[in-house]
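As a plain string of letters, each chain reads:
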Amino acid sequence: MRDQPADADVPVPALDAGVDQERDYVALLYHRLDELRAEKETQLSQVRGTGAQGTMQNVSERDAFATMYQDRLAQLNAVDDRLVFGRLDLDGGTCRYIGRIGLTTAQRQRLMLDWRAPESGVFYQATAFDRQGVRRRRHLMLRRREVQGVEDEVLDPDLLEETAENHGDGALLAALNARRTGQMGDIVATIQAEQDRVIRSDLSGVLVVQGGPGTGKTAVALHRAAYLLYSHRERLKSAGVLIVGPNSTFMSYIDRVLPSLGETGVVMSSLAELYPGVRGVEEQDPRVAEIKGRLAMVDVIGDAVAQRQRTIAGPQEVEVDGVKVTVTPAMINRARERARATGKPYNEARATFVKVVVKDIAEKLERILAKRSQGNDADRSYLVEDVRTARDVRVLLNLCWMPRTPRNLLEDLWSRPGYLKTAAPQLTAEERELLSRKPGAPFTLADIPLLDEAAELLGDLDESAGREEARQKAARESQLENARRAVENATPQMEEMGIEGFLNAEDVVALNEETTGRLSAAERAVVDRTWTYGHVVVDEAQELSPMQWHVLMRRCPLKSFTVVGDIAQGSSPSASLSWEAAMEPFVGERLRIEELTVNYRTPRRIVALAEAVARADGLEITSLRTVREGDHSPTVDRVSVDEVVPGTVEAVAAEFEKVGDGLVAAIVPERLHSAARRALRERFGDRVGDGAGSLSQDIVVLTADEAKGLEFDAVVVAEPAELRAEAAGRIGSLYVALTRPTQSLHVVSSGDLPAGFEAQ
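What counts, and at which threshold
- Residues numbered from 1 in each chain as written.
- Predicted model: local features only at pLDDT ≥ 70, side-chain atom pairs only at ≥ 80, totals over all residues.
- Heavy atoms only, no water.
- Helix = DSSP H or I, 4+ residues; strand = E, 2+ residues; numbered from the N terminus.
- Buried < 20%, exposed > 50% of the residue type's maximum accessible area, 1.4 Å probe, protein only.
- Contact = heavy atoms within 4.5 Å.
- Areas by Shrake-Rupley, 256 points an atom, 1.4 Å probe, with all protein chains shown as cover.
- Pairing = 2+ DSSP bridges.
- Axes fitted to C-alpha atoms, helices over the stretch in contact; angles between N-to-C directions.
- Phe/Tyr/Trp six-rings, centres within 6.5 Å; stacked < 30°, edge-to-face > 60°.
- Salt bridge = Lys/Arg side-chain N within 4 Å of Asp/Glu carboxyl O.
- Core = buried A, V, L, I, M, F, W, Y, C linked by side-chain atoms within 4.5 Å.
- Domains from an automatic or database assignment.
- pLDDT = per-residue confidence, 0-100.
- Parallel < 35°, antiparallel > 145°, perpendicular 65-115°, else oblique.
- Left-handed = near helix turned anticlockwise from the far one by under 90°.
- Expected span 1.5 Å × (residues − 1).

1. Quick look at the overall build of the protein chain
The helix and strand tally for the protein chain stands at 29 helices and 22 strands. Put simply, the protein chain has 760 residues, and 53% of those count as buried. Considering only contacts in the protein chain between residues 6 or more positions apart, those separated by 24 or more positions represent 74%. With an accessible surface of roughly 32700 Å², the protein chain has 48% of that area assigned to carbon and sulfur atoms.

What follows is the structure, encoded as structure tokens:
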């Protein structure tokens, strides 16, 4: 390229190049991508073909190269779609192409910059007022591998005479006006300077990104995760990044975004899936969700665990091989204190309790047998095992210290009123009654943090886990030392190949450990509740309860967080009124807040209505700047109660025609969800989807909660007053529903409209 010595076989398009010339250069980039793939596949095949030969160090070196080639192939495969998206023309006549990864020729000539590289920052930060050396920013519009068009932003006035086009924010507006597909749009090329500043801020500490509807909060969160993985690879590659979204619909929506950016080392989870092996269902009663979300539930779970450690009221006889031995409360109490003194979790401390009780009973038994057979000095070391396996002893041990799992602990707590009363005296009788449920009921979203807390206090059920863990730790340290030496030997050769940063001693050891295929850090983290991440990103964070924050803080002891949301959109029973109030119990005042102020998604006409409704309800919101006026004013239809569902169907039909077969959402109260879905399917057939997993269809039916974080070409909101009532009278859910459209909004109501609708 022209900012480095150019090779004759790398033709860089001229300043006045059009689509055809850009297509030639993009074809060259894809040719190089394919070459690199073939090269890595060949190298990986050769390494695998050598087999496990030679010394342990030789085997580690082979596995190190295999790990490196696999990682590089995964990255190359992930960026095939829309590999390059931008070009910068700089002062001095040089230019840079910006893409998802960096590419060089075999001779090390740079073909394209990785979008996360420091030199790429000006692609997002340069403006006409602060050019930062950029004369023109060109957006390349690709569909798969094909260039569909280009749009230019000329920042240098002297260049206007040399170019025919000056589209300004054309790429951004084109992305905003494009049809919604049910998956987050590929907006890496349209990040603006305000967002880019947040994306590239420091890793350490808690960063809160406050932004109203349509300000690109989710885009910022995802791109920040990719940027941090790139900039802090050594720290984050082995620990991973956790991204938490509000629901499964949202997680499906963003599923392809990070892989398309060339990053696969992340774990995505909804709040309902934070505890491995359990998927929490919605809590039907918001009052129950609020109680379970209180931070005081930490003490409730702690007391519930402690109460599983019991003593006996008086002396109790146990029979061991026909001999009766008296066990006293003092013996049980002594063993219990010894176990508690270990500081281990409940199930692991139980091993000490069992050991002490069994030893004391065996000693008593030995004295009894010795008295019966005076002068007989036979070896009676077998008595300990006899005592341990005796039925009476096992019953006594379980009575005093029963092994527990988090699931059966929580189920007992909710289904046994007496147990809950003693564990939660701070709750009122009415609150305890609300928490009661039948055994076998599914765990809810609000139960997930409580299961995690119980698991932390209970520990592993396997009494040998501690010894086995120590053995594995020692073996792993030895393996790591061999792997580090192998990596040191392999690094110079890889640097000569132009590849850096893809080799890690941890991954080499993991490769040796996995017999059914190497697991990435992300794959290991998904199944390990105790995994601690290097960074956590939380979207729609205004909805989290204190208990949910408690669990997430445990997942990242370094307290390295990106927290994204809008306090004004809070609708859950536990939603906070300020970020300071939400975070203070966990990080005190150690947080920094950045605010996004430009609404890229919602037209000004729709924003004006949503803000009027919010302010009329007393909700404090930041007035947003909008980049589009919009072509359609909001429509409000007043109908009878019986006509709400038919009116919703007609409104969807009208909006479907208005936005040119775009993606239309009907956001309805839960009471009307089934009826609206049936009526829409009668009219539109299979084009209608329902909730999670259906966003690729033309029409979707959602509740207000399911719509969080999503966007649609057009939105029909049914019964706005009822949506407000569903959120316990908070306006947040209605505010969310009104701000989902990118083009058009249609409201259907049978009763009094909430304040703020007067002008419609």
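2. A look at the sheet that holds strand β18 (residues 664–667)
Strands sit in the order β17-β22-β21-β18-β20-β19 across an open sheet of six strands; the sheet is parallel. Where the open sheet ends on each side, the last strands, each with one partner, are β17 (635–638) and β19 (688–690). In this sheet, neighbouring strand axes are inclined to one another by 20° on average, regardless of whether the strands run parallel or antiparallel. Two strands pair when backbone bridges link them, and β18 and strand β21 (residues 712–718) are joined in this way by four bridges, in the parallel orientation. Bridging from a neighbouring strand, A666 pairs with V716 of β21.

3. Topic: the packing of aromatic side chains
Applying the stated criterion across every chain yields a total of five aromatic pairs. Note on Y25 and Y97: the rings are 4.3 Å apart at their centroids and 20° apart in plane angle, and the pair reads as stacked. Of this pair, Y25 sits in helix α1 (residues 19–49) while Y97 sits in strand β2 (residues 95–99), and the two are 72 residues apart along the sequence. The exposure class assigned to Y97 is buried, which follows from its relative accessible area of 0%. Taking 5.4 Å as the distance between ring centres and 35° as the angle between the ring planes, the aromatic pair formed by Y346 and W401 counts as tilted. Taken together, the positions of Y346 in helix α13 (residues 346–372) and W401 in the loop between α15 (391–400) and α16 (406–415) put the pair 55 residues apart, joining distant regions of the chain. Both residues of the pair, Y346 and W401, count as buried. Grouping aromatic residues by their ring pairs yields a cluster made of Y346, F353 and W401.

4. Brief notes about the sheet that holds strand β9 (residues 266–270)
Reading across from one edge, β9-β8-β12-β13-β7-β14 is the order of the six strands in this open sheet, with parallel pairing throughout. The open sheet has two edge strands, β9 and β14 (591–596), and neither has a second partner. The sheet shows a mean angle of 15° between the axes of neighbouring strands, direction not considered. In terms of strand pairing, strand β7 (residues 206–211) meets β14 through six bridges, oriented parallel. Within β14, the residue paired with V208 across the bridge is I593. In this fold helix α23 (residues 546–555) packs onto β8 (241–245), β12 (535–538) and β13 (561–565), with an angle of close to 150° to the strand it touches most, β13.

5. Some points on the pattern of salt bridges
This structure, assessed with the given rule, holds 52 salt bridges. One salt bridge connects R604 with E629, and the closest N-O pair in it is separated by 2.7 Å. Of the two residues, R604 is situated in helix α25 (residues 604–616) and E629 in the loop between β16 (625–626) and β17; the sequence distance between them amounts to 25 residues. R604 gets classed as partly exposed once you look at its relative accessible area, which sits at 36%. The shortest N-O distance in the salt bridge between R687 and D698 comes to 2.9 Å. Of this pair, R687 sits in the loop between α27 (673–684) and β19 while D698 sits in the loop between β19 and β20 (699–702), and the two are 11 residues apart along the sequence. D698 gets classed as buried once you look at its relative accessible area, which sits at 18%. The network of salt bridges with common partners includes E22, R87, D89, R136, R138 and D152.

6. What to know about the nonpolar core
Core analysis: the biggest nonpolar cluster contains 87 residues, and F353, L413, W549 and F561 have the highest contact counts within it. Here this core gets 11 residues from one element, more than from any other, and that element is α13. Of the residues that make up this core, three or more belong to each of domain 2 (193–275 + 530–599) and domain 3 (287–458). Dropping the residues within four chain positions of it, F561 is found in contact with G205, V206, L207, H535, V536, V538, W549, L552, M553 and C556. Ranked by size, the runner-up nonpolar core spans 32 residues in total, among them L90, L113, V209 and L229.

7. Quick notes on the confidence of the model for the protein chain
For the protein chain, per-residue confidence averages 83 on the pLDDT scale, and 80% of positions sit at 70 or higher. Residue range residues 1–9 is modelled with pLDDT below 50. Its contacts to residues more than four positions away, or to other chains, number 30 contacts. A low-confidence stretch, residues 463–468 (pLDDT under 50), is modelled with three contacts involving residues beyond four sequence positions or located in other chains.

8. Examining the environment of R730
As for its position among the elements, R730 is in the loop between α28 (720–726) and α29 (732–738). For R730, a relative accessible area of 25% translates into the label partly exposed. For R730 and Q569, which are 161 residues apart along the polypeptide, the C-alpha to C-alpha distance reads 9.3 Å. When residues no more than four places from it in sequence are discounted, the contact partners of R730 are G570, S572, A575, S576, L577 and R724.

9. Looking at the packing of α16 against helix α19 (residues 448–458)
The interhelical angle for the contact between α16 and α19, taken along N-to-C directions, is 120°, at an axis separation of 9 Å. Considered as vectors, α16 and α19 are oriented oblique to each other. Regarding α16 and α19, the two cross each other, and that crossing is right-handed. Contact with α16, carried on its side by P406, R407, L409, L410 and W414, involves L450, L451, A454, A455 and L458 of α19 and no other residues of that element.

10. Details of α25
Between the first and last C-alpha of α25 there are 18 Å, a value that for 13 residues agrees with the 18 Å anticipated at 1.5 Å per step. On its buried side, α25 packs onto β15 (598–599), β16, α29 and β22 (741–749). With its phi angle positive at about 85°, G618 sits one or two positions after the end of α25.

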